[in-house]
Amino acid sequence: SLNSKVGSFTTSVSVANTTTETDLFNFSLPANSLSTANIVYGRIYISSFNHQTGNFTLKLYYGTGSVTDVVSLTGAHGSGSRGYIDFWIIADGATNDQVLAFDCWIKAERSNSTDDSNIFKAGEVSDVAIDSTVAQTIKLSAQWATADISNNINARCGFAELIRA
């Protein structure tokens with residue numbers, strides 16, 4: 001097998017105090033890259049996550065296909081939280097048969113916190129049928145339901161690679 005980088009970013013992207021859906025990571029996958037049994041895998045490092053009010057939505061796109069997790073958050077999730085989002089786009093046997101998946105894991109960095117009450121988790125899986133014989137945009141976006149000065153997520157850097165079967 002041969003892995004190759006297909007996307008990366010090193011400039012921070014923040015979604016704060018807004019209800020606008022904002023891309024954390026966005027790149028174009030060339031035509032015919034995601035053939036049978038190939039996988040696009042990516043990881044985004046979250047350098048800070050703070051929540052005060054409203055729901056939080058993460059959404060992974062492959063072309064017009066998408067998978068979404070709307071997380072209903074209650075109470076504040078404190079400053080100093082950091083973690084990562086992993087995502088996969090898996091070719092499932094044909095040029096128009098894929099599985100989209102992502103997992104988000106963010107832990108509060110508090111010296112007195114040893115339990116799981118300060119862990120934020122999200123994730124989802126969905127089947128899509130997107131034509132991989134043409135170039136497709138891959139992106140991961142974030143959105144707050146409520147604009148609040150304390151609602152923010154900062155993606156510090158990330159990468160995506162194509163894993164060929």
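Keep in mind it's a predicted model, so treat the numbers as computed, not measured. (Residues numbered from 1 in each chain as written. Predicted model: local features only at pLDDT ≥ 70, side-chain atom pairs only at ≥ 80, totals over all residues. Heavy atoms only, no water.)

(A) Geometry of the nonpolar core. If you look at the biggest cluster of nonpolar residues, it comprises 37 residues, and the most contacted ones within it are V40, I44, L58, L60, F87 and I138. In this structure L58 touches L24, V67, T68, D69, I85, F102, C104, A122, S141 and A142, once residues within four positions along its chain are discounted. (Core = buried A, V, L, I, M, F, W, Y, C linked by side-chain atoms within 4.5 Å. Buried < 20%, exposed > 50% of the residue type's maximum accessible area, 1.4 Å probe, protein only. Contact = heavy atoms within 4.5 Å.)

(B) Spotlight on unusual backbone geometry. Positioned with a positive phi, N17 is a non-glycine residue whose angle comes to about 50°. If you trace the backbone, N17 turns up in the loop between β2 (13–16) and β3 (22–29). Positive phi is not limited to glycine here, since N32 has a value of about 65°. (Helix = DSSP H or I, 4+ residues; strand = E, 2+ residues; numbered from the N terminus.)

(C) Looking closely at the side chain of D69. Within the secondary structure, D69 sits in strand β6 (residues 65–71). At 11 Å, K121 is the nearest oppositely charged side chain to D69, a buried residue that forms no salt bridge. Of the polar contacts made by the side chain of D69, one reaches the backbone nitrogen of G123; its length is 2.9 Å. Ignoring sequence-local partners within four residues, the contact set of D69 consists of F56, T57, L58, F102, A122, G123 and E124. (Lys, Arg positive; Asp, Glu negative; His and termini not counted. Salt bridge = Lys/Arg side-chain N within 4 Å of Asp/Glu carboxyl O. Polar contact = N/O pair within 3.5 Å; in protein donor to acceptor, adjacent residues only side chain to side chain.)

(D) Spatial organisation of the pairing of strand β10 (residues 136–144). Summarising the sheet, β3 and β10 pair through seven bridges and their orientation is antiparallel. Opposite L29, over in β10, you have Q136 as the bridge partner. (Pairing = 2+ DSSP bridges.)

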